Amino acid sequence: MKFYPKLSQNLLEILDDDDITIEVEFYQQIKRKMMKLWYIYGGELTLEEYDISDILVTASELSLRELNNYLQSFLVKNKASWIEQNFNLVYQTSFENDSFLELQTYCNNLILKKPDKIFKSLNFSLIPEKVLISLVRNDNSRMSEIQVWEHVLKWEFSQNPELPSDPTNFSKNEFNILKNTLQQCIPLIRFYNLTSKEFSDKVLPYKKILPKELYMDLLKTFLNLHPDSRPSGIKPKPHNNIDNYPELIDSKIITIQHIELISKWIDKLDITDNLASSYEFKLMLRGSRDGFAANKFHEICDNKPRTITIVKVKDSDKILGGYNPVEWSSVSGYSATKNSFIFSFENSDSIEDYALSRVEDVFNAIWNGIWNGCNYGPSFGHSDLFLFGNRFYDKGYCKKRDYEKPIRETRRVRDNEIFSVEDYEIFQILQIS
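Below is a summary of the structure that appears in this document.

Definitions and cut-offs
- Residues numbered from 1 in each chain as written.
- Predicted model: local features only at pLDDT ≥ 70, side-chain atom pairs only at ≥ 80, totals over all residues.
- Heavy atoms only, no water.
- Phe/Tyr/Trp six-rings, centres within 6.5 Å; stacked < 30°, edge-to-face > 60°.
- Buried < 20%, exposed > 50% of the residue type's maximum accessible area, 1.4 Å probe, protein only.
- Helix = DSSP H or I, 4+ residues; strand = E, 2+ residues; numbered from the N terminus.
- Core = buried A, V, L, I, M, F, W, Y, C linked by side-chain atoms within 4.5 Å.
- Contact = heavy atoms within 4.5 Å.
- Pairing = 2+ DSSP bridges.
- Arc of directions from axis to C-beta.

## A few points about the packing of aromatic side chains
- Scanning the model with the defined rule gives 27 aromatic pairs in all.
- Ring geometry for phenylalanine 119 and phenylalanine 124: centres 5.5 Å apart, planes at 45 degrees, overall tilted. The two residues phenylalanine 119 and phenylalanine 124 agree in class, both being buried.
- Here the aromatic rings of phenylalanine 345 and tyrosine 354 are separated by 6.4 Å at their centres, their planes lie at 55 degrees, and the arrangement is tilted.
- Accessibility expressed as a relative area gives 0% for phenylalanine 345, which makes it buried.
- Accessibility expressed as a relative area gives 31% for tyrosine 354, which makes it partly exposed.
- Within the aromatic cluster, the residues linked to one another by ring pairs are Trp265, Tyr323, Phe341, Phe343, Phe345 and Tyr354.

## Considering the environment of valine 331
- Mapped onto the elements, valine 331 comes out in the loop between strand S3 (319-324) and strand S4 (333-335).
- Here the alpha-carbon distance between valine 331 and glycine 369, two residues 38 residues apart in the chain, equals 5.2 Å.

## Here's the deal with the nonpolar core
- Counting 58 residues, the largest nonpolar core has Leu75, Phe87, Ile127, Trp149, Phe191 and Ile209 as the members making the most contacts within it.
- Look past the residues within four positions of tryptophan 149 in its chain and what remains in contact with it is Ile186, Ile189, Phe191, Lys202, Val203, Tyr206 and Ile209.
- If you look at the next biggest cluster of nonpolar residues, it comprises 25 residues, including Ala365, Phe380, Tyr393 and Tyr403.

## Observations regarding the sheet that holds strand S7 (residues 366-368)
- Pairing within the open sheet is antiparallel, and its three strands lie in the order S4-S7-S10. Every interior strand has two partners, whereas the edge strands, S4 and strand S10 (379-380), have only one.

## Re the pairing of strand S1 (residues 279-286)
- In terms of burial, S1 is a largely internal element, six of the eight residues being buried.
- Relative to strand S11 (residues 421-431), S1 runs antiparallel, the two sharing seven bridges. Looking at S11, one finds that phenylalanine 281 is bridged to isoleucine 429.

## Here we look at helix H17 (residues 294-301)
- Every buried residue belonging to H17 is among Ala294, Phe297, His298 and Cys301, and all of these are buried. One side of H17 carries all its buried residues, which in axial view fall inside an arc of 95 degrees. H17 presents Asn295 and Glu299 as exposed residues on the side facing more than 90 degrees away from its buried surface.
- Downstream of H17 by one or two residues, asparagine 303 has phi in the positive range, about 70 degrees.

## So, unusual backbone geometry
- The backbone of lysine 268 shows a phi angle near 60 degrees, a positive value even though the residue is not glycine.
- Its location among the elements puts lysine 268 in the loop between helix H15 (256-266) and S1.
- Positioned with a positive phi, asparagine 303 is a non-glycine residue whose angle comes to about 70 degrees.
- Along the polypeptide, asparagine 303 turns up in the loop between H17 and strand S2 (307-313).

Purely geometric stuff here, so don't read any function into it on its own.
What follows is the structure in structure tokens.
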């Protein structure tokens, strides 16, 4: 494979000219460090002949787009097993910059669809915490829950090698170190899927890092069971049980189940598709905390793309919402996008009864600013989901116009089928990488 013949020749000349001192030191440093990759500088590269780890790191350092594109395509098509075994290196290198977008996508798909491969990778203990959390919460894993727990502990001890290997020798401070490091993972473990013996042998020694209520409930559950028995008549707590662990998502309106479904809608997946949430929902605004004035909404949310608006309708269990992939603005007018959608849930406790409506008129997808003297909050279409009014957005309404279907059964607006907002939240959607 030939890469930038002219540029490569120039690099060769620079590296071989001992009299040139300006900028040469950098390239000579690379040359000394990566001498066995000489053919990269010459513009010819046979990947099979060299250590792939060295090539990947050097390609990242050189930032040659053609080389990077060829390399990541080669790895994805021909070296899947190598990527799995060296996941952390590939993951860390590919996310250092935007030169390896194909590898980034491959790594994210591997986390979502084949978490077992990463659990069993050679450098599993080196993966970032956010990757570990995505793996633990993933329902696609074929590993038993006790294996997941053991891998979590393995990862923890690698982060804190000074800790004793035997928890019976832990001091109070060392238990606190363990608890603080694993505070995001503990809520995701399905302890109720363990046998009584597994709980007694593998979890009980770490009881001091468990939330008190969880520990007492587990103790009561497993106390009188046969060692090889699992709890019966108890619905295992899912990885993402928000009721028991509200710190997983900063919302007073929706749960992690809503978040995962909305994430699928963002990616245009079917509800039945398996997907561990790959997005972080970062709370930007909450009405009950920041106020319900439209100018406060614009102050906080203007110029921020990829936001989800969540609305709790007053005197109702209903939730309304919308996704805006483009920026909000205080300048009056419509913003165009083909990827926005609005939705509703009949109540906050379930995701089963919902309505999803994607934009049809892409040029009128998002409304910004003031109209007829009214300062609007987050609004979608001409009237599909509108929030405005002086007190708690007390003149909101939903009337189908620019989206596929209505998300709220209403009569005409002039028949006073309006609603007030009990509370609302706006999140910015951040890709977990």
